[in-house]
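Structure at a glance
One-letter residues, chain by chain:
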There are 2 protein chains.
Amino acid sequence: MARWEPGTSERLRAAALELFASNGYEQTTAADIAGAVGLTERTFFRHFSDKREVLFNGQEQLIESFLAGISAAPDDAAPMDLVAAALESGTALFAHERRPFSRLRQSVIDRNPALQERERHKMSGLAATIGDALRARGVPEPAATLAAESASTVFGIAFTQWIGDGETRSLTDIARDVLAELRGMVGGRG
Amino acid sequence: MARWEPGTSERLRAAALELFASNGYEQTTAADIAGAVGLTERTFFRHFSDKREVLFNGQEQLIESFLAGISAAPDDAAPMDLVAAALESGTALFAHERRPFSRLRQSVIDRNPALQERERHKMSGLAATIGDALRARGVPEPAATLAAESASTVFGIAFTQWIGDGETRSLTDIARDVLAELRGMVGGRG
């Protein structure tokens, strides 16, 4: 982000989402997005490498926020404690104010198979990175992969609920509930 | 498959895999594959819609074999019992004789990002279909999605072990072990 233009990225992102949602992702060009907020295409490309980047440039930050929870956990934390810690810190990124953006973003992705595949790739990368972090802490296989995939699954389910119509709970609270459901289902009654 | 030419699909598939592995997937054409077993390109296209189909045409059968286990389970089976039943029947498809083919296929996929994405799509479709089957049996959300994703994750981990160098256990046995690990980790010590 260009420091001398505070808010430009955010304005471009908001305009892009509106155009993607109303006119279609494929039909929207970088010039359209820039023009919608009175900027040039060249300015757009100072902020985003392409229009897809508008939808996916938070991936690095998302991964880091999950990893931060794992790093901060006690040395003797069990794999599922690490999953819980990763979800606590990862979901904290999604403030209530972000929900309308996330809803709009998802509606754009749901209508475009190539974006759906990019999103699957992103989630699979998140799980792989969490798995690496768990193995680096000494969690053996297959526990590390099982735990990492569980974190990604719980996050995905919680996220879908979070952006649901009328949902008001925080993503963190929803993720806690879904994780509790997983623990009850897998370890308990099942 | 054309009934009047028993074994042709299998011969084409084996030739395709060898060519993909030795010359590269992108570099191999349908004509190359057909030529390697003394057949015409036209014959190839009677068996496969394109060369990618050689790697992915078992998807329908894979899904059906997972669903068969769910259908056969008692009405009062808990979600994790349904996961276990789906894994038992789904993994039974992978006889020991199939292991060399599966290894070669995976080595081709591992070297090609577009095929990796197709494989992710396949696994995500498997989880979605299992989830549908569980919901149709009355399993509520988020249990149905958690169980379906767990089945897919356990299958993926078990499959990776099964095609590992020197591995001799059956895929069914490995999947049982991985599922037991998940149950211990999620419900127990974690």
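What comes next concerns the included structure.

**Topic: the overall build of chain A**
Scanning chain A from N- to C-terminus turns up ten helices and zero strands. Overall, chain A shows an N-to-C arrangement of helices and strands of α-α-α-α-α-α-α-α-α-α. Counting only C-alpha atoms and orienting by the principal axes, one finds that chain A spans roughly 55 × 35 × 25 Å. Within chain A, the fraction of its 190 residues that count as buried is 50%. Summarising the internal contacts of chain A: among those between residues at least 6 apart in sequence, 63% fall at separations of at least 24. Of the roughly 8,900 Å² that chain A leaves accessible, carbon and sulfur atoms contribute 52%. Computing the positive centroid from 21 side-chain charges and the negative centroid from 26, chain A places the two 3 Å apart.

**Comments concerning the relation of the copies chain A and chain B**
Each of the two chain copies can be brought onto the other by rotation about an axis and movement along it. Overlaying chain A on chain B yields an RMSD of 0.0 Å, the required transformation being a rotation through 180° with an accompanying axial translation of 0.0 Å. Such a combination of rotation and displacement between the chain copies is what one expects of a two-fold axis. For chain A, the residue whose C-alpha comes nearest the rotation axis is A:G187, separated from it by 1.6 Å. A high fraction, 100%, of the interface residues of chain A reappear at the interface in chain B, so the copies pair face to face through one surface.

**With respect to the pattern of salt bridges**
Residues and elements named next belong to chain A. Evaluated as defined, the whole model comprises 20 salt bridges over all chains. Taking the shortest distance from any N to any O, the salt bridge between R135 and E141 comes out at 2.3 Å. Relative accessible area serves as the criterion here: at 35%, R135 is assigned to the partly exposed category. A single salt-bridge network, built from bridges that share partners, covers E88, D173 and R176.

**A look at the interface of chain A and chain B**
When the parts of a complex come together, some accessible area is lost, and that lost area is often taken as the interface size. Of the residues lining the interface, 28 residues belong to chain A; the matching set on chain B comes to 28 residues. Taking both partners together, chain A and chain B bury about 2,400 Å²; carbon and sulfur atoms supply 73% of that area. Our count for the chain A to chain B interface comes out at two salt bridges. Put simply, A:R120 and B:E117 hold a salt bridge, and the shortest N to O gap is 3.6 Å. Here chain A is connected to chain B by zero residue pairs in polar contact (both at pLDDT 80 or more). Sorting the residues of the side of chain A that touches chain B by element identifies α6 (79-91), α8 (113-136), α9 (143-162) and α10 (171-189) of chain A as the ones contributing at least two each. Among the elements that take part in the side of chain A that touches chain B, α9(A) stands out by supplying ten residues, more than any other. Tallied by class, the residues present in the side of chain A that touches chain B amount to 13 nonpolar, eight polar and seven charged.

**Overview of the packing of helix α5 (residues 59-72) of chain A against α6(A)**
Residues and elements named next belong to chain A. At their nearest, the axes of α5 and α6 sit 7 Å apart, and the two run at 135° to each other. Overall, the two elements α5 and α6 adopt an arrangement that is oblique. Relative to α6, the crossing made by α5 is right-handed. The residues of α6 that touch α5, namely those facing L62, S65, F66, A68, G69 and I70, are L82, A85, A86, L87, S89 and G90. Of the residues contributing to the contact of α5 with α6, the split by class is eight nonpolar, four polar and no charged.

Reading the values: rules and limits
- Residues numbered from 1 in each chain as written.
- Chains lettered and ligands numbered in written order.
- Predicted model: local features only at pLDDT ≥ 70, side-chain atom pairs only at ≥ 80, totals over all residues.
- Heavy atoms only, no water.
- Helix = DSSP H or I, 4+ residues; strand = E, 2+ residues; numbered from the N terminus.
- Buried < 20%, exposed > 50% of the residue type's maximum accessible area, 1.4 Å probe, protein only.
- Contact = heavy atoms within 4.5 Å.
- Areas by Shrake-Rupley, 256 points an atom, 1.4 Å probe, with all protein chains shown as cover.
- Lys, Arg positive; Asp, Glu negative; His and termini not counted.
- Charge placed at Lys NZ, Arg CZ, Asp CG, Glu CD.
- Least-squares fit on C-alpha atoms with pLDDT ≥ 70 in both.
- Salt bridge = Lys/Arg side-chain N within 4 Å of Asp/Glu carboxyl O.
- Buried area = accessible area lost by both parts, 1.4 Å probe.
- Polar contact = N/O pair within 3.5 Å; in protein donor to acceptor, adjacent residues only side chain to side chain.
- Nonpolar A, V, L, I, M, F, W, Y, C, P; charged D, E, K, R; others polar.
- Axes fitted to C-alpha atoms, helices over the stretch in contact; angles between N-to-C directions.
- Parallel < 35°, antiparallel > 145°, perpendicular 65-115°, else oblique.
- Left-handed = near helix turned anticlockwise from the far one by under 90°.

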